[in-house]
Amino acid sequence: MDNSKRTVVVTGFGPFGEHAVNASWVAVQELKKLGLGGEVDLHVSEVPVEYQTVQSLVPSLWKKHHPLLVVHVGVSGMATTVTLEKCGRNHGYKGLDNSSFCPDSQCCIVGGPDCINSVIDMESVCKRVTSSGLGVAVSVSKDAGRYLCDFTYYTSLYLSHGRSAFVHVPPLGKPYSGEDLGRALQAIIQEMLELLDQAEEKIHCQQHFH
């Protein structure tokens, strides 16, 4: 394996409710075709809309790939833009999943903090992608919706000390195609990696001067 390559894991969700085809997984498959450049080892995974599967699958992805970044992608029926989520919430999970299950505790991690923010500055990613003339509208949100999307995001943020991201996409054709969403994900994740690189450089500089 080429150790100079950075590993990124991107997940999309499987079907649920009225979403017989989940736009998030379509977008992630389009991203896989495009790739993230020669220096990035991209792995993609489809996540079933089930709390208990998420609780085992998300840690296994971190353990197996040791990624620099994990980006989870989900569909929102209310979204009209590609939406960058700033944080994940621990409490308030009352919606039943595809197995008609809901955690008794209604939370992700018992005893965990109420909210965990991503280390990535989503406002900055949004500005950079918007100014690049991609042709896909991008916005930022502080509420990932207290369902499997939020549950997955919080679990990943908790495990990675904030080195995760979540992107909500609209349903296909409302207004964007799978190809549009794949291009948007590519641009967004490349900007996220750029910001992580800059943060890393700052840390090295600070260590050098102390």
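The structure presented is a predicted model; accordingly, all values stated were derived computationally and were not measured. (Residues numbered from 1 in each chain as written. Predicted model: local features only at pLDDT ≥ 70, side-chain atom pairs only at ≥ 80, totals over all residues. Heavy atoms only, no water.)

A. Seen up close, the overall build of the protein chain. Looking only at helices and strands, the protein chain has five helices and eight strands in total. Going from the N terminus to the C terminus, the protein chain shows its helices and strands as β-α-β-α-β-β-β-β-α-β-α-β-α. For the protein chain, the spread of C-alpha atoms along the principal axes amounts to about 55 × 40 × 35 Å. Looking at the protein chain residue by residue over its 210 residues, the buried ones come to 50%. For the protein chain, the share of sequence-separated contacts (at least 6 apart) that also reach a separation of at least 24 residues comes to 81%. Carbon and sulfur atoms make up 52% of the accessible area of the protein chain, which totals about 10,200 Å². (Helix = DSSP H or I, 4+ residues; strand = E, 2+ residues; numbered from the N terminus. Buried < 20%, exposed > 50% of the residue type's maximum accessible area, 1.4 Å probe, protein only. Contact = heavy atoms within 4.5 Å. Areas by Shrake-Rupley, 256 points an atom, 1.4 Å probe, with all protein chains shown as cover.)

B. Broad picture of the UniProt feature "active site" (unreviewed entry) in the protein chain. Listed under "active site" (unreviewed entry) in the UniProt record, and renumbered for this structure, are Glu85 and Cys149. Spanning 65 residues, the annotated positions come together in the fold, the maximum distance between their C-alpha atoms being 10.1 Å. Residue placement: Glu85 occurs in strand E4 (residues 82-85). You can call Glu85 buried: its relative accessible area is 2%. (UniProt positions renumbered as here; feature names shortened; annotations may be inferred.)

C. Quick peek at the environment of Gln29. The topology assignment puts Gln29 in helix H1 (residues 23-34). Judged by its relative accessible area of 37%, Gln29 falls in the partly exposed class. Distance in space between the C-alpha atoms of Gln29 and Glu50 is 20 Å, their sequence separation being 21 residues.

D. Seen up close, the pattern of salt bridges. Using the criterion set out here, one finds seven salt bridges in the structure. Of the charged contacts, one joins Asp197 and Arg6 as a salt bridge, the two residues approaching to 2.8 Å between their closest N and O atoms. Of this pair, Asp197 sits in helix H5 (residues 178-209) while Arg6 sits in strand E1 (residues 6-13), and the two are 191 residues apart along the sequence. Given the relative accessible area of 26%, Asp197 is considered partly exposed. The partner of Glu191 in a salt bridge is Arg128, and the shortest N-O contact between them spans 2.9 Å. One end of the pair, Glu191, is in helix H5; the other, Arg128, is in helix H3 (residues 122-131), and 63 residues separate them in sequence. The class of Arg128 is partly exposed, set by a relative accessible area of 25%. Through salt bridges with shared partners, a single network forms among Asp143, Arg146 and Asp150. (Salt bridge = Lys/Arg side-chain N within 4 Å of Asp/Glu carboxyl O.)

E. Region of the structure containing H3. If you check which residues of H3 are buried, you get Met122, Ser124, Val125, Cys126 and Val129. In the segment just after H3, Gly133 is the residue with positive phi, at about 70°.

F. Seen up close, the pairing of E1. Counting buried positions over the eight residues of E1 gives seven, a clear majority of the element. Two elements, E1 and strand E2 (residues 40-47), share eight bridges in a ladder whose sense is parallel. From the neighbouring strand, Thr7 faces E2, where its bridge partner is Asp41. In the classification by handedness, the crossover that spans E1, the intervening H1 and the parallel E2 is right-handed. Sheet topology places E1 next to strand E3 (residues 69-75); four bridges connect them, and they run parallel. Directly across from Val8, in E3, lies its bridge partner Leu69. (Pairing = 2+ DSSP bridges. Right-handed = clockwise from strand over helix to strand, strands pointing away.)

G. Quick peek at the packing of aromatic side chains. Across all of its chains, the model carries eight aromatic pairs by this definition. When the ring of Phe16 is compared with that of Tyr147, the centres are 6.1 Å apart and the planes differ by 50°; the resulting orientation is tilted. One end of the pair, Phe16, is in the loop between E1 and H1; the other, Tyr147, is in the loop between strand E7 (138-141) and helix H4 (148-160), with 131 residues separating them in the sequence. Taking relative accessible area as the criterion, Tyr147 reaches 22% and is therefore assigned partly exposed. Note on Tyr93 and Phe151: the rings are 5.3 Å apart at their centroids and 85° apart in plane angle, and the pair reads as edge-to-face. Taken as a pair, Tyr93 in the loop between strand E5 (87-89) and strand E6 (115-117) and Phe151 in helix H4 lie far apart in primary sequence, 58 residues in all. Taken as a pair, Tyr93 and Phe151 share a single burial class, namely buried. One aromatic cluster is present, built from ring pairs that chain together Phe16, Tyr51, Tyr93, Phe101, Tyr147 and Phe151. (Phe/Tyr/Trp six-rings, centres within 6.5 Å; stacked < 30°, edge-to-face > 60°.)

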